[in-house]
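The lines below spell out each chain.
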Amino acid sequence: VTSTLQAKDGFGDGILDLPTAVANVIRTMPILKDVVGVFGCIDASGSYLKSRLQRRKGSVVLYVGGMVELFYASPKKETVFLKQRKGFVKLALRTGADLVPVYLFGNTTS
């Protein structure tokens with residue numbers, strides 16, 4: 001989900017501000033919260049992302065499949081969980097943010 005409203009041409013200073021949104025449960029675990037904090041990860045809750053995009057703070061990396069997709073990852077089969085994940089589209093429509101779909105093939109192979 002990306003908000004290109006921060007510059008006239010859509011590529012302002014916010015383009016480099018690209019934090020990854022992570023599940024709030026990860027941000028409360030003792031060691032993991034410190035690790036994700038170092039990388040500048042932000043809360044993936046709808047309310048936080050909505051306020052960030054409405055303030056025109058730039059782009060956000062959002063793994064739509066979430067943690068469920070991690071548990072079903074396999075080097076032999078690509079699995080994507082999108083059917084029940086429509087909130088990010090609604091969020092983009094409500095905030096005027098652009099959606100830039102990206103898929104990494106072979107991400108689970110070694």
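Provided above is the structure to which this section pertains.
Residues numbered from 1 in each chain as written. Predicted model: local features only at pLDDT ≥ 70, side-chain atom pairs only at ≥ 80, totals over all residues. Heavy atoms only, no water.

Draft legend 1. Seen up close, the environment of A92. Considering the arrangement of structural elements, one finds A92 in helix α4 (residues 87–95). In this structure, the C-alpha to C-alpha distance between A92 and L49, residues 43 residues apart in sequence, is 9.7 Å. If near-sequence neighbours (up to four positions away) are discounted, A92 is found in contact with A97 and L99. (Helix = DSSP H or I, 4+ residues; strand = E, 2+ residues; numbered from the N terminus. Contact = heavy atoms within 4.5 Å.)

Draft legend 2. Region of interest: the nonpolar core. Listed in full, the 8 residues of the largest apolar core are A21, I42, L49, L53, V60, L91, A92 and A97. The set of elements that each furnish at least two residues to this core consists of α2 (46–54) and α4. Not counting residues within four places of it along the chain, the set of residues in contact with A21 comprises I42, D43, A44, L49, V60, V61 and L62. (Core = buried A, V, L, I, M, F, W, Y, C linked by side-chain atoms within 4.5 Å. Buried < 20%, exposed > 50% of the residue type's maximum accessible area, 1.4 Å probe, protein only.)

Draft legend 3. Representation of α4 in the model. Those residues of α4 lying buried are F88, L91, A92 and T95. End-on, the buried residues of α4 take up no more than an arc of 100°, which puts them together on one face. For α4, the exposed residues set more than 90 degrees away from the buried face come down to L93 and R94. On its buried face, α4 sits against α2. (Arc of directions from axis to C-beta.)

Draft legend 4. The arrangement of a positive patch on the surface in detail. Residues K50, K83, K86, K90 and R94 make up a contiguous surface patch of positive charge. Mapped onto the fold, R94 is located in helix α4. (Patch = residues over 30% accessible without salt bridge, like charges linked within 9 Å, V, L, I, M, F, W, Y side chains within 5 Å. Areas by Shrake-Rupley, 256 points an atom, 1.4 Å probe, with all protein chains shown as cover. Salt bridge = Lys/Arg side-chain N within 4 Å of Asp/Glu carboxyl O. Lys, Arg positive; Asp, Glu negative; His and termini not counted. Charge placed at Lys NZ, Arg CZ, Asp CG, Glu CD.)

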